[in-house]
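What follows is each chain in one-letter form.
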Amino acid sequence: SGGNEDAVTFLRSVFDLVIKEGVERVKDASTPVIDFKNPEELEQILDLKIPMQSSSHDQLLHYCEQVFKYSVKTAHPHFFNQLYAGLDPYGFAGQVVTDVLNTSIYTYEVAPVFVLMEKYLLRHVRQLIGYEGGDGTFSPGGSYSNMLGMNLARFNKFPQVVRVGMRGLPRIVAFVSSQSHYSNKKNAALLGIGIDDVIPVATDNCGRMLTSDLKRKIEESKEEGAVPFLVVGTCGTTVLGAFDPVDEIADICQDNNIWLHIDAAWGGGVLLSSKHRHLCKGIHRYMIKHLYHCIRVSNSIIYLVILTDCSHIRSDSVAWNPHKMMMAPLQCCIFVTKHDSVMKNCQSIQVPYLFQPDKTLYSPEYDIGSKVIQCGRKVDVFKLWLMMKAHGNIGLESRINKAFDNAQYLAELVKKTDGFKLVCDVSPECTNVCFWYLPKRLRKLEWRLDDKAFCQKVAAVPPIVKEKMTTSGSLLVGYQPLAGMPSFFRMVVINDELTKSDMHFVINEIDKLGQDI
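As recorded in an unreviewed UniProt entry, the protein goes by the name Cysteine sulfinic acid decarboxylase, listed as coming from Ciona savignyi. According to the UniProt record, the Subunit (unreviewed entry) comment for the protein reads "Homodimer."

**Some remarks on the UniProt feature "modified residue: N6-(pyridoxal phosphate)lysine" (unreviewed entry) in the protein**
Sequence positions flagged by UniProt for "modified residue: N6-(pyridoxal phosphate)lysine" (unreviewed entry) are, in local numbering, Lys324. Its location among the elements puts Lys324 in the loop between strand E9 (317-320) and strand E10 (333-337). Residue class for Lys324 comes out buried when judged on its relative accessible area of 14%. Excluding residues within four positions of it along the chain, Lys324 makes contact with Leu83, Ala265, Trp266 and Ile494.

**Quick word on the pairing of E9**
Neither face of E9 is left uncovered, since the one carrying Ser317 and Ala319 and the one carrying Val318 and Trp320 both have all their residues buried. The pairing of strand E6 (residues 259-263) with E9 spans three bridges and is parallel. Across the sheet, the residue bridging to Ile262 is Val318, located in E9. Pairing analysis gives four bridges linking E9 to E10, with the strands arranged antiparallel. Each bridged residue has a counterpart across the sheet, and for Ala319 the counterpart in E10 is Phe335.

**Details of the sheet that holds E10**
Within a sheet, adjacent strands bond to each other through the backbone by hydrogen bonds, running parallel or antiparallel. Strand order across the open sheet formed by seven strands is E2-E10-E9-E6-E5-E3-E4, with mixed pairing between neighbours. Bordering the open sheet on either side are strand E2 (135-139) and strand E4 (198-201), each of which pairs with just one other strand. Looking at each pair of strands side by side, their axes are set apart by 20 degrees on average, direction ignored. Sheet topology note: the strand E3 (residues 172-177)/strand E5 (residues 227-234) ladder contains five bridges and is parallel. Looking at the pairing, Val176 lines up with Val232 of E5.

**Quick notes on the packing of aromatic side chains**
Taken as a whole and assessed by the stated rule, the structure comprises eleven aromatic pairs. Taking the centre distance of 5.1 Å and the plane angle of 80 degrees together, the rings of Trp447 and Phe454 count as edge-to-face. Using a relative accessible area of 4% as the deciding quantity, one classes Phe454 as buried. Taken together through their ring pairs, the aromatic side chains of Phe420, Phe435, Tyr437 and Phe489 make up a single cluster. Across from the ring centre of Tyr366, 5.3 Å away, lies the NZ or CZ of Lys119, which sits over that ring. Looking at Lys500, its charged tip hangs above the ring of Tyr409, at a distance of 5.3 Å from the centre.

**Some words on the pairing of E4**
Across four bridges, the pairing between E3 and E4 is parallel. Residue pairing across strands places Ser177 opposite Val201, the latter belonging to E4. Once you follow E3 into helix H8 (residues 183-190) and on to E4, the crossover reads as right-handed.

**Let's talk about the domain arrangement of the protein**
Accessible area lost during the coming together of the parts is what is often quoted as the interface size. Split by domain assignment, the protein resolves into domain 1 (104-378) and domain 2 (388-515). Here the C-alpha centre of domain 2 lies 30 Å away from the C-alpha centre of domain 1. Contacts between the two partners involve 26 residues from domain 1 and, on the opposite side, 24 residues from domain 2. The junction of domain 1 with domain 2 conceals about 2,200 Å² of combined surface from both sides, 67% of it contributed by carbon and sulfur atoms. On the domain 1 side of the interface with domain 2, the three residues burying the most area are Val239, Leu240 and Met327, jointly 25% of the side's total. Scanning the region where domain 1 abuts domain 2 turns up two salt bridges. Residue Arg208 pairs with Glu429 through a salt bridge whose shortest N-O separation is 3.4 Å. Linking domain 1 with domain 2 are nine residue pairs in polar contact (both at pLDDT 80 or more), by the criterion used here. Of the residues that constitute the side of domain 1 that touches domain 2, the class distribution is 13 nonpolar, ten polar and three charged.

Procedures and definitions
- Residues numbered from 1 in each chain as written.
- Predicted model: local features only at pLDDT ≥ 70, side-chain atom pairs only at ≥ 80, totals over all residues.
- Heavy atoms only, no water.
- UniProt positions renumbered as here; feature names shortened; annotations may be inferred.
- Helix = DSSP H or I, 4+ residues; strand = E, 2+ residues; numbered from the N terminus.
- Buried < 20%, exposed > 50% of the residue type's maximum accessible area, 1.4 Å probe, protein only.
- Contact = heavy atoms within 4.5 Å.
- Pairing = 2+ DSSP bridges.
- Axes fitted to C-alpha atoms, helices over the stretch in contact; angles between N-to-C directions.
- Phe/Tyr/Trp six-rings, centres within 6.5 Å; stacked < 30°, edge-to-face > 60°.
- Lys NZ or Arg CZ within 6 Å of the ring centre and 35° of its normal.
- Right-handed = clockwise from strand over helix to strand, strands pointing away.
- Domains from an automatic or database assignment.
- Buried area = accessible area lost by both parts, 1.4 Å probe.
- Salt bridge = Lys/Arg side-chain N within 4 Å of Asp/Glu carboxyl O.
- Polar contact = N/O pair within 3.5 Å; in protein donor to acceptor, adjacent residues only side chain to side chain.
- Nonpolar A, V, L, I, M, F, W, Y, C, P; charged D, E, K, R; others polar.

Right, dumping it as structure tokens:
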């Protein structure tokens, strides 16, 4: 397309536009997060019809400008709507290089550099978690990673499933937190297990799985003749950001010979932070300090400390999305397991046109596509590898810590600002800050979640405020009901360029938009 015009000139124009609109202008907080149009309006503005004749480069560039104008600016400092935000320039650069090379990462033959990178980085992640060996893959989303965990757990319990399917199995059941990700139910339907055999486990007031209820429901399922095969623990629930007590869950799984999969798609970023990785205790290697000896030098006491490796690598598999808390470009998702051969044994079949075992230039083990479900697979490793190289471990740890610091600061603002109330009385575990907002007319009412009329009034507020912030373009924050509670706002703090003034802006803007409702 574009006739005889110079495609290189066009690409340069596009990249100039990308830098201007997607990298520079998007950081200006005075610009809108979105220029919102309803679907009917936007369809009239956009020229969506595919023409018979080629379009000029000027027309194509205009279409690109329209995409920027009417898209949500997820790198904007006032975008808090989802579990991703910001723009990492090195990750973006890695994605550009990946896309121009346009290859699929199934064989070393067509992706030699990326295969070596993926093998290294997955090994690096497993070591970070504490797995001595194991295996893994990049996947097209955390939901897919959770599906892999469920599939491998079933195979681990019943290897014959690969040949005979569910007809050769008894009734099998999985257990998930009532606040776990919905993908677990969808995956059970997809794999033929059935949504009804995904048993929800109760949580405490802040969204953490209650292990007493897990024990009870496992025993109940056994009494019914079912076979428990999987428990999914969550490190960073979608709404409240809760971290399940993995160590306690792992004890139960060990006693009952059940595969433990950890959905750390959101909260896995804490593994990069020495300050916060304790939240994932049970899926990672951790150290306990023992006071060994102390000596006095002048007026100072010097303590000598032994670091004892007290690793308890209790999980069987982990899902982790670096495109969330780490700010890698979408999509960037990792699945790892501590078991060396389970992926190969469960998911490999002979494909002689693609995976030839008699190749002479390299070992077949480098044809990594043979052990995953997909055939064609997008390269996601380079953008992550490049940004990790650029920032180093210290820089990435600083990014995680800053997000937690900003979230904690916001939570404190919520506590002391009239009209705002935290959903959990305790400080948030993750960088999700969930709160109710009450306009002036509701602030004198007694706070009673057992009063249906009161809850209806509270629940009516977020949709109206959300409409106002969206149409003005000033802010994007999500809201939702949960566990019978009226709808509340869920602020997700990620972007490492945010400051405390941005946290004040959120409070002030919501109050400005909603106080007279």
